[in-house]
Amino acid sequence: RNLLLPDGVPPERQWARFYIKIYRAEGLPRMNTSIMANVKKAFTGENKDLVDPYVQVVFAGQKGKTTIQKSSYEPLWNEQIVFTEMFPPLCKRIKIQIRDSDKVNDVAIGTHFIDLRKISNEGDKGK
């Protein structure tokens, strides 16, 4: 018996691929209206209200991200991020975050967690 595995997780697990499909985002807020944006504008002359969004997905210690959609409040990706992990996974949730790409520092616009226990079936085969 493997003491590192939680109760209910079978000792023999198989590798599986987890597919995360990112379609689009709607109604993103105006960014760069802060004091820092005004300071940046004074130094660089850059006046940027629009966001350059991308989606970052974190699952079981792995990160994946979509392409950056330049100057868009309603970005359309239609992209897929694939993770390879043991099944059933020990990680119980997926973190999905929309971020604004910036030359200085990327900023989180919104974050959502998907609980895998709510979207998957019981059992070692996921059926």
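Conventions and cut-offs
- The residue numbering used here restarts from 1 in each chain and proceeds along that chain's sequence as written.
- Restriction of local features to residues with pLDDT of at least 70 applies here, the model being predicted, together with a cutoff of 80 or more for giving and counting side-chain atom pairs; totals for whole chains, interfaces and linings are based on all residues.
- Derived side-chain values reflect all non-hydrogen atoms in the structure, with water molecules and hydrogen atoms excluded from consideration.
- The way it works is that DSSP assigns letters per residue, a run of H or I at least four long becomes a helix, a run of E at least two long becomes a strand, and they are numbered from the N terminus.
- Residue exposure (1.4 Å probe, protein chains only): buried if accessible area is under 20% of the type maximum, exposed if over 50%, otherwise partly exposed.
- Two residues form a contact once any of their heavy atoms are found within 4.5 Å.
- Here, Shrake-Rupley sampling with a 1.4 Å probe gives the accessible areas, and only protein chains in the shown set may cover a residue.
- At least two DSSP bridges between two strands are required for those strands to pair.
- Throughout, an axis means a line fitted to C-alpha atoms (over the contacting stretch in the case of helices), and angles, computed between N-to-C directions, take values from 0 to 180 degrees.
- Centre distance within 6.5 Å is the pairing criterion for rings of Phe, Tyr and Trp, where only the six-membered ring of Trp is used; planes under 30 degrees apart are then read as stacked, over 60 as edge-to-face, and the remainder as tilted.

1. Re the overall build of the protein
The secondary structure content of the protein amounts to two helices and six strands. The buried share among the 127 residues of the protein stands at 33%. Taking all contacts inside the protein whose residues are at least 6 apart in sequence as the whole, residues at least 24 apart take part in 59%. Total accessible area on the protein is roughly 8900 Å²; 52% of this is exposed by carbon and sulfur atoms.

2. Let's talk about the environment of Asp 102
Looking at the secondary structure, you find Asp 102 in the loop between β5 (93-100) and β6 (107-115). A relative accessible area of 16% means that Asp 102 is categorised as buried. For the pair Asp 102 and Pro 53, spaced 49 residues apart in the sequence, the C-alpha separation amounts to 9.3 Å.

3. Quick word on the sheet that holds strand β2 (residues 53-59)
Strand pairing in a sheet takes place through backbone hydrogen bonds and is either antiparallel or parallel in direction. Pairing is antiparallel across the open sheet formed by four strands, whose spatial order is β3-β2-β5-β6. In the strand order of this sheet, the two ends are held by β3 (62-65) and β6, each with one partner. In this sheet, neighbouring strand axes are inclined to one another by 20° on average, regardless of whether the strands run parallel or antiparallel. Bridge count between β2 and β5: six bridges; the pairing is antiparallel. Each bridged residue has a counterpart across the sheet, and for Val 55 the counterpart in β5 is Ile 98.

4. Observations regarding the packing of aromatic side chains
Applying the stated rule across the entire model yields three aromatic pairs. Between Phe 18 and Phe 59, the aromatic rings sit 4.9 Å apart at their centres with planes inclined by 55°, giving tilted as the arrangement. Of this pair, Phe 18 sits in strand β1 (residues 14-24) while Phe 59 sits in strand β2; the two residues are 41 residues apart in sequence, bridging distant segments of the chain. Grouping residues by exposure puts Phe 18 and Phe 59 together as buried. Aromatic side chains Phe 59 and Phe 83 sit 5.8 Å apart centroid to centroid with 55° between the ring planes, which places their arrangement in the tilted category. Of this pair, Phe 59 sits in strand β2 while Phe 83 sits in strand β4 (residues 76-87); the two residues are 24 residues apart in sequence, bridging distant segments of the chain. According to the relative accessible area criterion, Phe 59 is buried, its value standing at 1%.

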